[in-house]
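Topology and contacts: notes
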Amino acid sequence: QLLGGVGYLPETLPDKTTAKMAFGGEATIRYGFNNTISGQIKGWYDFSDNVEQKRWGLSTASIITFNDSSDIRFGVMPNLAMVLADNSIEGGGGSLPFTFWLNKYNPLNLYLGFGPIVGFRDLTNEANQWGWGLILNAGISLLLEDKFTINLEFSGIKQVNEYNGIKEYYFSPSLNIGYIF
């Protein structure tokens, strides 16, 4: 599956800007190896001018399902990511959400994920340039013409930034259009 779209992401540079959302574009390619394991690579680009750098990122994830039911599926989605600024690695992170899919309303599929997240910039620096949090994803995917999808996703993020001790909540929506090969 190939997906492309737009969305809002939480700012992750507390030393350069206040807490706010960054508008960006994203593209994902996903491949199902079998009914229980798939992998994906996702890239995003920050269109906002919150900071002077040109920022973008890449992530890799795997979706591992524990059952093969046609109505309700559940599993985990381990994710590793890195953020780049002006072509140098700015930071990284990961998440481990538990995921659930409700597939019985074809052509609509509902999904939900919940789990821990962590991010870092420079762990060798004494400035505590890292943070952690919880993420809740909820989304709906509509299958059109057996090959095209429209995905609308809402993420709620509770982020604790150890750099300045600030705890923030973000609401991060995204909209994607996809093609299934």
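First things first, this report covers the structure right here in the doc. What you see is a predicted model, and the numbers here were worked out from it, not measured in a lab.

Rules and cut-offs
Residues numbered from 1 in each chain as written. Predicted model: local features only at pLDDT ≥ 70, side-chain atom pairs only at ≥ 80, totals over all residues. Heavy atoms only, no water. Helix = DSSP H or I, 4+ residues; strand = E, 2+ residues; numbered from the N terminus. Rg over C-alpha atoms; globule rule 2.2 N^0.38 Å. Buried < 20%, exposed > 50% of the residue type's maximum accessible area, 1.4 Å probe, protein only. Contact = heavy atoms within 4.5 Å. Areas by Shrake-Rupley, 256 points an atom, 1.4 Å probe, with all protein chains shown as cover. Lys, Arg positive; Asp, Glu negative; His and termini not counted. Charge placed at Lys NZ, Arg CZ, Asp CG, Glu CD. Salt bridge = Lys/Arg side-chain N within 4 Å of Asp/Glu carboxyl O. Core = buried A, V, L, I, M, F, W, Y, C linked by side-chain atoms within 4.5 Å. Pairing = 2+ DSSP bridges.

**Details of the overall build of the chain**
- A count of helices and strands for the chain gives zero helices and twelve strands.
- Starting at the N terminus, the α and β elements of the chain follow one another as β-β-β-β-β-β-β-β-β-β-β-β.
- What you see for the chain is a C-alpha radius of gyration of 17 Å, in line with the 16 Å of a compact globule of 181 residues.
- When the 181 residues of the chain are sorted by exposure, 36% land in the buried category.
- Restricting to contacts in the chain with at least 6 residues of sequence separation, those with at least 24 account for 46%.
- For the chain, the computed accessible surface area is about 10,500 Å², with 64% contributed by carbon and sulfur atoms.
- When the 12 basic and 17 acidic side-chain charges of the chain are each reduced to a single mean position, those positions are 3 Å apart.

**What to know about the pattern of salt bridges**
- As enumerated under the stated definition, the model contains three salt bridges in all.
- Lys 42 is the partner of Glu 26 in a salt bridge, and the nearest nitrogen-oxygen pair spans 3.6 Å. Of this pair, Glu 26 sits in strand β2 (residues 21-32) while Lys 42 sits in strand β3 (residues 37-46), placing them 16 residues apart in sequence.
- By relative accessible area, Glu 26 is classed as buried at 12%.
- We classify Lys 42 as partly exposed; its relative accessible area is 24%.
- Across the pair Arg 121 and Glu 90 runs a salt bridge, and its minimum N-O distance is 2.8 Å. Residue Arg 121 is found in strand β9 (residues 108-122), and its partner Glu 90 is found in strand β7 (residues 88-95); the two are separated by 31 residues along the sequence.
- By relative accessible area, which is 24% here, Arg 121 ends up partly exposed.
- With relative accessibility at 13%, the residue Glu 90 sits in the buried group.

**Notes on the nonpolar core**
- If you look at the biggest cluster of nonpolar residues, it comprises five residues: Ala 61, Ile 63, Met 77, Trp 101 and Tyr 111.
- Beyond its immediate stretch of four places on either side in the chain, Ile 63 contacts Arg 30, Thr 36, Ile 37, Ser 38, Val 76, Met 77 and Trp 101.

**Describing the pairing of strand β4 (residues 55-65)**
- Along β4, the buried face is formed by Arg 55, Gly 57, Ser 59, Ala 61, Ile 63 and Thr 65; none of Trp 56, Leu 58, Thr 60, Ser 62 and Ile 64, which line the opposite face, is buried.
- Where β3 meets β4, nine bridges bridge the pair, whose relative direction is antiparallel. Looking at β4, one finds that Trp 44 is bridged to Gly 57.
- By the bridge criterion, two bridges tie β4 to strand β5 (residues 72-76) in an arrangement that is antiparallel. What sits directly across from Thr 65, in β5, is Gly 75.
- What sits between β4 and β5 in their antiparallel hairpin is a turn of six residues.

**Quick look at the environment of Leu 110**
- Within the secondary structure, Leu 110 sits in strand β9.
- Of the residues examined, Leu 110 reaches a relative accessible area of 33% and is grouped as partly exposed.
- With 38 residues separating them in the primary sequence, Leu 110 and Ile 72 have C-alpha atoms 9.6 Å apart.
- Discounting chain neighbours no more than four positions away, the residues touching Leu 110 are Phe 100, Trp 101, Leu 102, Tyr 105, Gly 139 and Ile 140.

In short, geometric facts, not functional conclusions.
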